[in-house]
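Remarks on the overall topology
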Amino acid sequence: MSYTLYNVRSAAILTSSYVAGTVIGPTSEGGLTPSQGNQLIVYVSFTIGSLTSGELKVEFSNDGSTYYQQTFTSVSGGTSTATIGNYTWTATGNYRFEIPIKDAYIKISVKGTGSVTSSSMTVDAILGVV
């Protein structure tokens, strides 16, 4: 099997604090586990409702205990600056993004900013080999 689909979070109203979905790890049901793949595709179905924005963060671990948040980098004048990575959406929609991986565990967490009334987010993830 070249990829495995995981439901990380079923459709639910967001909260104002990050809530982790189902952690994908070596004992996850399905075919591939994170360390067997090299690519993570994340599908997000977001309904903004009364929110200002919806947010998502991805964390990785080699032991299932200590997690490291995804980091984004930008280069300017020969200097690479790293920042903790978050994804933010300000409009209802279906979103997709890809992340190279080689970790034992993956944790995806979501939250809303503003009034959570009528908001919803579903998160699915595909582990694969490219």
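Per chain, residues are indexed from 1 in the order of the written sequence. It should be noted that, the model being predicted, local features are given only for residues of pLDDT at least 70 and side-chain atom pairs only at 80 or more, the latter also being counted only at that level, while totals for whole chains, interfaces and linings use all residues. Think of the side-chain values as coming from all heavy atoms in the structure, minus any hydrogens and water.

**Comments concerning a nonpolar patch on the surface**
Residues enter patches when their relative accessible area tops 30% and they take part in no salt bridge; the joining distance is 9 Å for like charges and 5 Å for the nonpolar side chains Val, Leu, Ile, Met, Phe, Trp and Tyr. Calculation of accessible area relied on Shrake-Rupley with a 1.4 Å probe; when residues are assessed, cover is drawn exclusively from the protein chains displayed. A pair is scored as a salt bridge if a Lys or Arg side-chain nitrogen falls within 4 Å of a carboxyl oxygen belonging to Asp or Glu. On the surface, a nonpolar cluster with roughly 320 Å² of combined accessible area is contributed by Tyr 3, Leu 5 and Tyr 43. Topologically, Tyr 3 is positioned in strand β1 (residues 3-12). Strands here mean DSSP runs of E at least two residues long; helices mean DSSP runs of H or I at least four residues long; both are numbered from the N terminus.

**Focus on the packing of aromatic side chains**
Each aromatic pair joins two rings of Phe, Tyr and Trp (for Trp, the six-membered one) with centres within 6.5 Å, and gets the label stacked for planes under 30 degrees apart, edge-to-face for over 60, and tilted for any other angle. Here the structure, examined in full by the defined rule, presents five aromatic pairs. Between Tyr 87 and Trp 89 the ring centres are 6.4 Å apart and the planes differ by 15 degrees, which places this aromatic pair in the stacked class. Residue class for Tyr 87 comes out buried when judged on its relative accessible area of 15%. Burial here depends on accessible area, computed with a 1.4 Å probe over protein chains only, as a share of the maximum for the residue type. Under 20% is buried, over 50% is exposed, and the range in between is partly exposed. Using a relative accessible area of 8% as the deciding quantity, one classes Trp 89 as buried. A centroid spacing of 5.3 Å and a plane angle of 40 degrees characterise the contact between Trp 89 and Tyr 95, whose relative ring orientation is tilted. The class of Tyr 95 is partly exposed, set by a relative accessible area of 24%. Through a chain of ring-to-ring contacts, the aromatic side chains of Phe 72, Tyr 87, Trp 89, Tyr 95 and Phe 97 assemble into a single cluster. We call a charge positioned above a ring when the Lys NZ or Arg CZ atom is no farther than 6 Å from the ring centre and deviates by at most 35 degrees from the ring normal. A cation over an aromatic ring shows up here: Lys 57 above the ring of Tyr 18, its NZ or CZ 4.6 Å from the ring centre.

**Some thoughts on the nonpolar core**
In terms of nonpolar packing, the biggest core is built from 26 residues, with Leu 40, Leu 56, Val 58, Phe 97, Ile 106 and Ile 108 touching the most fellow members. Elements with a contribution of two residues or more to this core: β1, β3 (39-47), β4 (51-61), β8 (87-89), β9 (93-100), β10 (105-114) and β11 (120-128). A contact between two residues is defined here by any heavy atoms of the two lying within 4.5 Å. Those residues in contact with Ile 108 that lie beyond four places of it in its chain are Val 8, Val 19, Ala 20, Gly 21, Val 42, Leu 56, Lys 57, Val 58, Val 123 and Ala 125. Residue types Ala, Val, Leu, Ile, Met, Phe, Trp, Tyr and Cys, when buried and joined through side-chain atoms within 4.5 Å, form a set referred to as a nonpolar core.

**Focus: the pattern of salt bridges**
The final tally for this structure, using the stated rule, is two salt bridges. Lys 107 is the partner of Glu 59 in a salt bridge, and the nearest nitrogen-oxygen pair spans 3.9 Å. One end of the pair, Glu 59, is in strand β4; the other, Lys 107, is in strand β10, and 48 residues separate them in sequence. The two residues Glu 59 and Lys 107 agree in class, both being buried. Between Arg 96 and Glu 98 there is a salt bridge, with its nearest N and O atoms 2.8 Å apart. Residue Glu 98 is classed as partly exposed on the basis of its relative accessible area of 43%.

**Some words on the side chain of Gln 70**
For Gln 70, the location among the structural elements is in the loop between β5 (68-69) and β6 (71-76). Residue classification places Gln 70 among the buried positions, given a relative accessible area of 11%. Side-chain atoms alone can form a polar contact between residues adjacent in sequence; in general such a contact is a pair of N or O atoms within 3.5 Å, and within protein one must be able to donate a hydrogen while the other accepts it. Side-chain polar atoms of Gln 70 contact the side chain of Tyr 87, separated by 3.2 Å. Look past the residues within four positions of Gln 70 in its chain and what remains in contact with it is Val 58, Phe 60, Thr 83, Ile 84, Gly 85, Tyr 87 and Ile 99.

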